[in-house]
Amino acid sequence: MIRISKRDGIRPLSSLLIRVIALLIAMLACVLLSFASTGRSPFVVLQQMVAGSFGTSKRMWEFLQRTMMLTCIAVGLAPAFKMRFWNVGAEGQLLIGGLGAVILMRFCYKLPSIPLLILMALLAVVFGAIWGMIPGFFKAKWNANETLFTLMMNYIATQIVLYFCTIWEGTKGTVKIGIINDSKNPAGLHKGWIGEMFTGNFNDKDYMWVVVIVLLVVVLMWAYLRYTKHGYEIAVVGDSENTARYAGIRVPVVYVRTMALSGGVCGFAGFLAVSAVSRTLTENTAGGRGFTAIIIAWLSHTNPFLMIVFSALYCFMELAGKQMASVFQLNDYFSKILTGIILFFILGCEFFADYRVKFRRSVKGGQPQ
């Protein structure tokens, strides 16, 4: 017989061991699937998986850029999820934040570079915060379903961005803005662009500034949730609204304030996507990362530092799959299959972290056999 019981608690070392075992099994499954699909040696498969992220310096920087961008969005979701407010609107908040950054990038390029970047970041945060506050207000005032509300806000944000892309499109009929402040605008060349830390130019894309900025955001969010009064109130509201009210915490205010923070950080990710990565804005700027970040935030139990680890793992498998699909001439969806396998095992291991499974022999006549 199998007996399943919920754990009262689990030691950190045991929890880590469960996740490491799940990850190793997942990697083994990916290697075996790749071997079955390509007929190549497992060592060759592993080599190509690693080469997808670390084969060249360009791939390494792409891996770091993807990891940090995904981490930034997941960190934005952390305060909302800790409050048990299921914010699935990161895609829209990122797009709206990116729109705020693009407005200044397009029309205020005569400003000096540093003040312009600061203003772009601030406006992106404000736009994202407003986009997050709207569902927070409706939840606080009328107990609206936050999941559906934030999901619908994504579609509204996408249409707003498409509207402005149509107005500002570089080539008629393309609904594409094109690269902003490139060589076509000598007066504002590279204005609003975050350059490279090591080379000082805008072409090599070492993305080190993105890494540093997102790491700073991670540390600040960790300190905010762990050591501030607001972070404590978020945790109490997440555990029990009734307890929070009994303790004198104004729950509606916490809802609105926390969603403003969540949306603001996601909006800041939109600023990074526009200024450091693409230097333009389209309806695909978020690229589905807002939904992927939901998985990252949940797996990390809203711990910002763990979000870096899970984001890196996800991006590694995504790039590994693309590398193997290219080298071994596999279907483009092969990378998604590998990523799905990894997520399946990682999500599945959460069951064993929360529940204890015991096996015992069947019972006959009241006595275990």
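See the structure above.
Remember, predicted model here, so these are calculated numbers, not experimental data.

Reading the values: the criteria
- Residues numbered from 1 in each chain as written.
- Predicted model: local features only at pLDDT ≥ 70, side-chain atom pairs only at ≥ 80, totals over all residues.
- Heavy atoms only, no water.
- Axes fitted to C-alpha atoms, helices over the stretch in contact; angles between N-to-C directions.
- Helix = DSSP H or I, 4+ residues; strand = E, 2+ residues; numbered from the N terminus.
- Parallel < 35°, antiparallel > 145°, perpendicular 65-115°, else oblique.
- Left-handed = near helix turned anticlockwise from the far one by under 90°.
- Contact = heavy atoms within 4.5 Å.
- Nonpolar A, V, L, I, M, F, W, Y, C, P; charged D, E, K, R; others polar.
- Expected span 1.5 Å × (residues − 1).
- Buried < 20%, exposed > 50% of the residue type's maximum accessible area, 1.4 Å probe, protein only.
- Salt bridge = Lys/Arg side-chain N within 4 Å of Asp/Glu carboxyl O.
- Lys, Arg positive; Asp, Glu negative; His and termini not counted.
- Polar contact = N/O pair within 3.5 Å; in protein donor to acceptor, adjacent residues only side chain to side chain.

**Quick word on the packing of helix α1 (residues 12-38) against helix α13 (residues 334-354)**
Where α1 meets α13, the axes come as close as 9 Å, and the angle between the chain directions of the two elements is 155°. Viewed along their axes, α1 and α13 adopt a mutual orientation that is roughly antiparallel. Pair α1 / α13 crosses with right-handed handedness. On α13, the residues touching Ile-18, Arg-19, Ala-22, Ile-25, Ala-26, Met-27, Ala-29, Cys-30, Leu-33, Ser-34 and Ser-37 of α1 are Phe-334, Ile-337, Leu-338, Ile-341, Ile-342, Phe-345, Cys-349, Glu-350, Phe-352 and Ala-353. Tallied by class, residues from the contact of α1 with α13 come to 17 nonpolar, 2 polar and 2 charged.

**Side note on α13**
Along an α-helix, residues three or four apart share an orientation, since each turn contains 3.6 residues. Counted at 1.5 Å a residue, the expected span for α13 with its 21 residues is 30 Å, and the 31 Å between its end C-alpha atoms agrees. Listing the buried residues of α13 in full gives Phe-334, Ser-335, Leu-338, Thr-339, Ile-341, Ile-342, Leu-343, Ile-346, Cys-349, Glu-350 and Ala-353. Next to the buried residues of α13 lie α1, α11 (289-299), α12 (304-327) and β2 (355-359).

**Comments concerning the pattern of salt bridges**
For the structure shown, the criterion picks out 6 salt bridges. With its nearest N and O atoms 3.0 Å apart, the salt bridge here joins Glu-350 to Arg-19. Here Arg-19 lies in helix α1 and Glu-350 lies in helix α13, a separation of 331 residues in the sequence. In this structure, Glu-350 and Arg-19 share a single accessibility class: buried. Salt-bridge contacts for Glu-241 lead to Arg-245; the nearest nitrogen and oxygen are separated by 3.2 Å. Separated by 4 residues within a single helix, Glu-241 and Arg-245 lie in helix α9 (residues 241-246), roughly one turn from each other. Residue Glu-241 is classed as partly exposed on the basis of its relative accessible area of 29%. Look at the salt bridges and you will find they share partners, linking Glu-62, Arg-66 and Glu-318 into a network.

**As for the side chain of Lys-191**
Relative to the assigned elements, Lys-191 resides in the loop between α6 (146-168) and α7 (208-227). Comment: no salt bridge for buried Lys-191; closest opposite-charge side chain is Asp-182, at 14 Å. Here Leu-111 takes part through its backbone oxygen, which lies 3.1 Å from a polar atom of the side chain of Lys-191. Ignoring anything within four residues of it in the chain, the contact list for Lys-191 reads Met-105, Tyr-109, Lys-110, Leu-111, Ser-113, Leu-116 and Asn-181.

**A short note on the packing of helix α3 (residues 57-82) against helix α10 (residues 251-278)**
Axis separation between α3 and α10 bottoms out at 6 Å; the angle between their running directions is 165°. One way to sum up the angle between α3 and α10 is to call them roughly antiparallel. For the element pair α3 and α10, the recorded crossing hand is left-handed. Every residue of α10 that contacts α3 at Gln-65, Met-69, Cys-72, Ile-73, Val-75, Gly-76, Leu-77, Pro-79 and Ala-80 is listed here: Thr-258, Met-259, Leu-261, Ser-262, Val-265, Cys-266, Phe-268, Ala-269, Leu-272, Ala-273 and Val-277. Each residue belonging to the contact of α3 with α10 can be placed in one class, and the counts come to 16 nonpolar, 4 polar and no charged.

Function cannot be read off these values alone, since they describe shape.
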